[in-house]
Amino acid sequence: MLDCSNASTSWRAWQNAAHNEARRFDRQLFTRSQINAMGHHLDNVARTVRNYVPGSIRLPDWDFCDSYNVDPSISLGPGCTIAFRRTAGNFRVK
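Residues numbered from 1 in each chain as written. Predicted model: local features only at pLDDT ≥ 70, side-chain atom pairs only at ≥ 80, totals over all residues. Heavy atoms only, no water.

**Structural notes on the overall build of the protein**
On a plain count of helices and strands, the protein comes out with 3 helices and 4 strands. Each helix (α) and strand (β) of the protein, taken in turn from the N terminus, gives the series β-α-α-β-α-β-β. Relative to the globule expectation of 12 Å for 94 residues, the C-alpha radius of gyration of the protein, 13 Å, shows essentially globular dimensions. Reported as C-alpha extents along the three principal axes, the dimensions of the protein are approximately 40 × 30 × 20 Å. For the protein, buried positions account for 35% of its 94 residues. Contacts in the protein between residues at least 24 apart in sequence constitute 49% of all its contacts with a sequence separation of at least 6. Within the structure as shown, the protein displays about 6300 Å² of accessible surface, and the carbon and sulfur contribution to it stands at 48%. Positive and negative side-chain charges in the protein, numbering 12 and 8 respectively, have mean positions lying 6 Å apart. (Helix = DSSP H or I, 4+ residues; strand = E, 2+ residues; numbered from the N terminus. Rg over C-alpha atoms; globule rule 2.2 N^0.38 Å. Buried < 20%, exposed > 50% of the residue type's maximum accessible area, 1.4 Å probe, protein only. Contact = heavy atoms within 4.5 Å. Areas by Shrake-Rupley, 256 points an atom, 1.4 Å probe, with all protein chains shown as cover. Lys, Arg positive; Asp, Glu negative; His and termini not counted. Charge placed at Lys NZ, Arg CZ, Asp CG, Glu CD.)

**Here we look at the pairing of strand E3 (residues 73-76)**
Bridging between strand E2 (residues 57-58) and E3 involves 2 bridges; their strand directions are antiparallel. By the bridge assignment, Arg58 is partnered in E3 with Ser75. The sheet contact formed by E3 and strand E4 (residues 81-84) spans 3 bridges and is antiparallel. Residue pairing across strands places Ile74 opposite Ile82, the latter belonging to E4. (Pairing = 2+ DSSP bridges.)

Put into structure tokens, the structure is as follows:
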């Protein structure tokens, strides 16, 4: 489940743009492939904003998350992440 934090005034414009796009999906369930797709989508959104540094958005390290039982997160540059919380149960897609 996506768990977006609050925005910070110290973020760059491209970080705000990517974070605002991610907030549209706050509290929705995601699979691993959807999390990776979200990261690529946020990278495309950030590229439309001036002064974006390519490669600043980093996808989760799935091996690390699995090995140490850590919730995955997408890094949107320094001081800005969106986190995904693991959920238990069976869910059906409508």
